[in-house]
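Residue-level listing of the chains:
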There are 4 protein chains.
Amino acid sequence: MTHKHFILELKAGATLQTHRGVIAHDDLIGLPWGSQVFSHLGNPFFLLQPALGDLLKNTPRNTQILYPKEIGFILVNMGIGPGQHVLEAGTGSGSLTRALAFAVGDSGHVTTVEWREDMQALAKKNIERLGMSDRVTFRLGDIGNGFGVENVDALFLDVANPYDYIGQARAALKPGGFFGSLLPTVNQVSKLLNALRHHQFGFIDVCEILLRYYKAEPERLRPTDRMVAHTGYLIFARPVIYAEGYGTEADSAASAPDDAEEAGDED
Amino acid sequence: MTHKHFILELKAGATLQTHRGVIAHDDLIGLPWGSQVFSHLGNPFFLLQPALGDLLKNTPRNTQILYPKEIGFILVNMGIGPGQHVLEAGTGSGSLTRALAFAVGDSGHVTTVEWREDMQALAKKNIERLGMSDRVTFRLGDIGNGFGVENVDALFLDVANPYDYIGQARAALKPGGFFGSLLPTVNQVSKLLNALRHHQFGFIDVCEILLRYYKAEPERLRPTDRMVAHTGYLIFARPVIYAEGYGTEADSAASAPDDAEEAGDED
Amino acid sequence: MTHKHFILELKAGATLQTHRGVIAHDDLIGLPWGSQVFSHLGNPFFLLQPALGDLLKNTPRNTQILYPKEIGFILVNMGIGPGQHVLEAGTGSGSLTRALAFAVGDSGHVTTVEWREDMQALAKKNIERLGMSDRVTFRLGDIGNGFGVENVDALFLDVANPYDYIGQARAALKPGGFFGSLLPTVNQVSKLLNALRHHQFGFIDVCEILLRYYKAEPERLRPTDRMVAHTGYLIFARPVIYAEGYGTEADSAASAPDDAEEAGDED
Amino acid sequence: MTHKHFILELKAGATLQTHRGVIAHDDLIGLPWGSQVFSHLGNPFFLLQPALGDLLKNTPRNTQILYPKEIGFILVNMGIGPGQHVLEAGTGSGSLTRALAFAVGDSGHVTTVEWREDMQALAKKNIERLGMSDRVTFRLGDIGNGFGVENVDALFLDVANPYDYIGQARAALKPGGFFGSLLPTVNQVSKLLNALRHHQFGFIDVCEILLRYYKAEPERLRPTDRMVAHTGYLIFARPVIYAEGYGTEADSAASAPDDAEEAGDED
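Keep in mind that what you see is a predicted model, and the values were worked out from it rather than measured.

Among the structural elements, Arg 238 of chain A can be located in strand 13 (residues 233-239). The buried category is assigned to Arg 238 of chain A, whose relative accessible area is 7%. A distance of 2.9 Å separates the side chain of Arg 238 of chain A from the backbone oxygen of Gly 176 of chain A, its partner in a polar contact. Leaving out residues up to four positions away in the same chain, Arg 238 of chain A has contacts with Gly 176, Gly 177, Phe 178, Gln 200, Phe 201, Gly 202 and Phe 203 of chain A together with Leu 48, Gln 49 and Asp 54 of chain B.

This is the structure in structure tokens:
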């Protein structure tokens, strides 16, 4: 369920203008987290630390954005955490960039590639605002020419035609690294699966995540009336090294029944 | 979709016994990640780095375990990342403990409380195996007497009756911190919602996550036949500080229509 | 996906006023079904026979209405078809009444009970409009005093507190008949389950139906962005006759593990 | 949730052999519906009228079968009820045939086409067993040569390659009639959408239905652990007659934004 958030950098003398009235930053400075305050119209607000999820929601929406439900699963499934080197393309408005920079910590690094200069500028500003510029390298260019880095732990390819860059993706990833992508249509998924097979990626998974909120009324508990039905299909894979004479596309197809056997099991 | 994993610590001279044949560790040592190897029966295996998701799946199943789909969302939604101090109870077999320890990194810390000595011993062993013992404090005891720590950034309460410990939860959390819980039945959710209101928690969310896998066949793309229908309901909340004369339970009820208005929006 | 419908009774000289222009009924009379016509503004329309689903969508929305996804499942699951005698309460605006009257045909009958005279008048008008008045008996009254009929094949109880009328429901149903209800909150479901057990109903099922539409673009096939997340929980049960000394509530509880064993199987 | 059913024709002197013991038909004859009886091993059974859903579940599974959740929605969405003439291909084991024959009643008719003689024989037997042979015409043949009937109210095409028979479907349907199909893979759906557009079908809908059961325990109410994740995608469409100069494929594409606008609305 949504609660309206305003993300602020507190400055003496500044004011926050909202649709429910004005709040002076001076009234907030020094208050404990969680405190209730009131706008000049008497409407209540709470002073809270932002979670990663809140920060993501606050991204200016110039491009499609990943939702917290997908981002959390991406982090866990691709082993992304402190100390990792993660590659991303395209940067877009930097919403995933921020999540990655947050997760890899001071000891990790994010390289993010974008071909539109204006988008990159926006993403840079968003990262600076969070004070995480040291963790992120912004590259401008066409990933058709390669990502310009090698041996990354994980690569998330958030572009409309990832299937055109799987050779480059393989070149950038460390052996056994983690590949991920998110695509809105089934037609794109089919194309990506073909490209991943062709470039000898293995452990290919396709899934989607549905998040359903409830009205938090203890005596009238029930789901909300409507929900997001689709953000995209998640595709995960890993570059593997087949032994000589193995791993042709025919072999991949041959192994399908084995996978199918366990299909439907999440754990 | 499931791929069968074996998580190993490589030791010269050791062997891995599987249902598809035996593999000598010596044959693996020195191989690049992603390499294909064969058991003595000729069955193919791949040598891969484990992701957090893989580590979680490998937990011995003595207790109910959280799934990667929930864990990822918990991390993102509760702002859990490098440098945070996170509290958890009960420890159980330590599957969430491991995810938390991974996410907070070297600069963060996890305190986990359990009342069963045998469970704690198991969880300790699981954390040691990952080399993350420095990041975790194991406490043995009854959380009815409090958690024994204060000012934590986030608390995940993974017990059957979290509603009995909300006062203690509030005492342990820093103001505005993040509270989370996972419960299998709607009846427990109702009770927890009442307890959270009573102890003046705000920003209460209830949700559930459905994960659906697809058969990754590009020319016959379709969901798997069956899926996990339920692991549990996720409940999130934050301890807020109402201004004097506000925040009684009556007030909470009064604010419900406002929430309902935006119900169903995820973003 | 929604297509805007207008349900008409064609009359010489009449006009249909829409937000996309005016159409003369005279231009429609004599046209084959499926024909494309144009409003005075040049906007295209199609002349089509209504399906049951269309008729239901056209009900004036004075009350909560059942969706086609639930109605279809109710008909199949409760054995409702030609020749059956079906009982319903409350009548509401008559949307389910119409579906039932359609399904039981000329050889069947529907009895529907409502306590609000204005609602009943509205529902009557809606049934008359479809020319199915002969199939429906409208009763006005308080179902606390019983339904006024006996030996019905199936009873659908579409009221907010069905758990208060389960004794009356049992008295109205033929032995082994079909009971159904739809409830929005989990709290109501729990109460109904208790009442059904108390009155020795067996074969109790609780379920919910999620319907997800796709954007019908062959080269960009994907689910719609948003969907209905909840209309209600469906509850089905059948009045059974326990042998002497069996079927106490304790026994019911004792049989639970048996059910649980097969839980999750739809077929 | 599943309850184990045995569908019987009672005959004096016969016995029912089950995994939980033997029951003599003579012990059942004359009992009221709903009665509890016991096998020779003392296991309890109940004597109940079958619902349509029960009859469908009892179909011998030689072929993929439609589930009650899909069948109910098909009936409501395609306007199938008493008095209609419905066409189906292929017949398969006759599970949908039975649902259709039940729904159209004595005043309606079902024509079902199959090319495999053995399947047709099985389906015939299943219909005879229900005493509904008068309502069904079984045709043997290749639908590539047409369906052999015209002017049907509704046609359900339950074959693997429905896109190859859309011209024939159009010839069989009455103008403005109802077309439906169920397909397991997204690739098949894309092909069918193209064929429907090519043959000037309009009002094309694609959807899928998820049915989630709950454990019916009032104090521990929760979904079952696992569920069916996929039976197939439902596709509905109607043959329309475009005015001269309209309805080319380009026009169809042009109208897409309009549809998309309302995408996600069920009602």
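Structure's up, so let's keep going.
A cluster of nonpolar side chains, namely Phe 6, Leu 8, Leu 10 and Ile 29 of chain A, defines an oily patch on the protein surface of about 310 Å² accessible area. One can find Phe 6 of chain A in the segment before strand 1 (15-18).

Position of Thr 185 of chain B relative to the elements: it lies in the loop between strand 9 (173-183) and helix 7 (186-198). Residue classification places Thr 185 of chain B among the buried positions, given a relative accessible area of 7%. Those residues in contact with Thr 185 of chain B that lie beyond four places of it in its chain are Tyr 233 of chain B together with Arg 220, Leu 221 and Arg 222 of chain D.

Superposing chain A onto chain B takes a rotation of 180 degrees combined with a translation of 0.0 Å along the rotation axis, leaving an RMSD of 0.1 Å. When the rotation and shift are considered jointly, the pair of chain copies conforms to a two-fold rotation axis. It is Gly 72 of chain A whose C-alpha, among those of chain A, lies nearest the rotation axis, at 1.9 Å. The fraction of interface residues of chain A whose copies in chain B are also interface residues reaches 100%, indicating that both copies meet through the same surface.

At a minimum axis separation of 7 Å, helix 2 (residues 68-77) of chain C and helix 2 (residues 68-77) of chain D run at an interaxial angle of 110 degrees. Overall, the two elements helix 2 of chain C and helix 2 of chain D adopt an arrangement that is roughly perpendicular. Note that helix 2 of chain C runs across helix 2 of chain D; the crossing there is right-handed. Here Pro 68, Lys 69, Ile 71, Gly 72, Phe 73, Leu 75 and Val 76 of chain C of helix 2 of chain C come into contact with helix 2 of chain D, specifically with Pro 68, Lys 69, Ile 71, Gly 72, Phe 73, Leu 75 and Val 76 of chain D.

Let's shift gears to the interface of chain A and chain B. Opposite the 89 residues of chain A that make contact, chain B presents 89 residues. Summed over both sides, the interface of chain A with chain B buries roughly 8000 Å², with 61% coming from carbon and sulfur. Linking chain A with chain B are 4 salt bridges, by the criterion used here. Note that Glu 208 of chain A is salt-bridged to Arg 212 of chain B, the shortest N-O span being 3.1 Å. Counting the contacts that link chain A with chain B gives 23 residue pairs in polar contact (both at pLDDT 80 or more). For the side of chain A that touches chain B, the leading source of residues is strand 10 (residues 201-215) of chain A, giving 13 residues. Grouping the amino acids of the side of chain A that touches chain B by side-chain chemistry returns 50 nonpolar, 18 polar and 21 charged. In the sheet, strand 10 of chain A pairs with strand 10 (residues 201-215) of chain B via 9 bridges, with the strands oriented antiparallel. Opposite Tyr 214 of chain A, over in strand 10 of chain B, you have Val 206 of chain B as the bridge partner.

Once that is clear, we can look at the UniProt feature "binding site: S-adenosyl-L-methionine" (unreviewed entry) in chain A. Residues and elements named next belong to chain A. Residues annotated by UniProt as "binding site: S-adenosyl-L-methionine" (unreviewed entry) correspond here to Ser 93, Gly 94, Ser 95, Leu 96, Glu 114, Asp 142 and Asp 158. Judged by its relative accessible area of 1%, Gly 94 is buried. Structurally, Leu 96 can be placed in helix 3 (residues 95-104). With relative accessibility at 3%, the residue Leu 96 sits in the buried group. Residues in contact with Leu 96, not counting those within four places in the same chain, are Leu 66, Ile 71, Glu 88 and Phe 156.

Summed over the entire model, instances satisfying the criterion amount to 40 salt bridges over all chains. One salt bridge in this structure joins Arg 220 of chain D and Glu 217 of chain D, with 3.8 Å as the shortest N-O distance. Among the charged side chains, a network of salt bridges with common partners joins Glu 208 of chain A, Arg 212 of chain B, Arg 212 of chain C together with Glu 208 of chain D.

Residues and elements named next belong to chain A. Taking 1.5 Å per residue as the helical rise, helix 6 (residues 186-198) with its 13 residues ought to reach 18 Å, and the 19 Å between its terminal C-alpha atoms agrees with that figure. With 10 of its 13 residues buried, helix 6 lies for the most part within the structure. Of all the residues in helix 6, the buried ones are Val 186, Asn 187, Gln 188, Val 189, Ser 190, Leu 192, Leu 193, Ala 195, Leu 196 and Arg 197. Gln 200, located one to two residues past helix 6, shows a positive phi value of around 60 degrees.

Calculation rules
- Residues numbered from 1 in each chain as written.
- Chains lettered and ligands numbered in written order.
- Predicted model: local features only at pLDDT ≥ 70, side-chain atom pairs only at ≥ 80, totals over all residues.
- Heavy atoms only, no water.
- Helix = DSSP H or I, 4+ residues; strand = E, 2+ residues; numbered from the N terminus.
- Buried < 20%, exposed > 50% of the residue type's maximum accessible area, 1.4 Å probe, protein only.
- Polar contact = N/O pair within 3.5 Å; in protein donor to acceptor, adjacent residues only side chain to side chain.
- Contact = heavy atoms within 4.5 Å.
- Patch = residues over 30% accessible without salt bridge, like charges linked within 9 Å, V, L, I, M, F, W, Y side chains within 5 Å.
- Areas by Shrake-Rupley, 256 points an atom, 1.4 Å probe, with all protein chains shown as cover.
- Salt bridge = Lys/Arg side-chain N within 4 Å of Asp/Glu carboxyl O.
- Least-squares fit on C-alpha atoms with pLDDT ≥ 70 in both.
- Axes fitted to C-alpha atoms, helices over the stretch in contact; angles between N-to-C directions.
- Parallel < 35°, antiparallel > 145°, perpendicular 65-115°, else oblique.
- Left-handed = near helix turned anticlockwise from the far one by under 90°.
- Buried area = accessible area lost by both parts, 1.4 Å probe.
- Nonpolar A, V, L, I, M, F, W, Y, C, P; charged D, E, K, R; others polar.
- Pairing = 2+ DSSP bridges.
- UniProt positions renumbered as here; feature names shortened; annotations may be inferred.
- Expected span 1.5 Å × (residues − 1).

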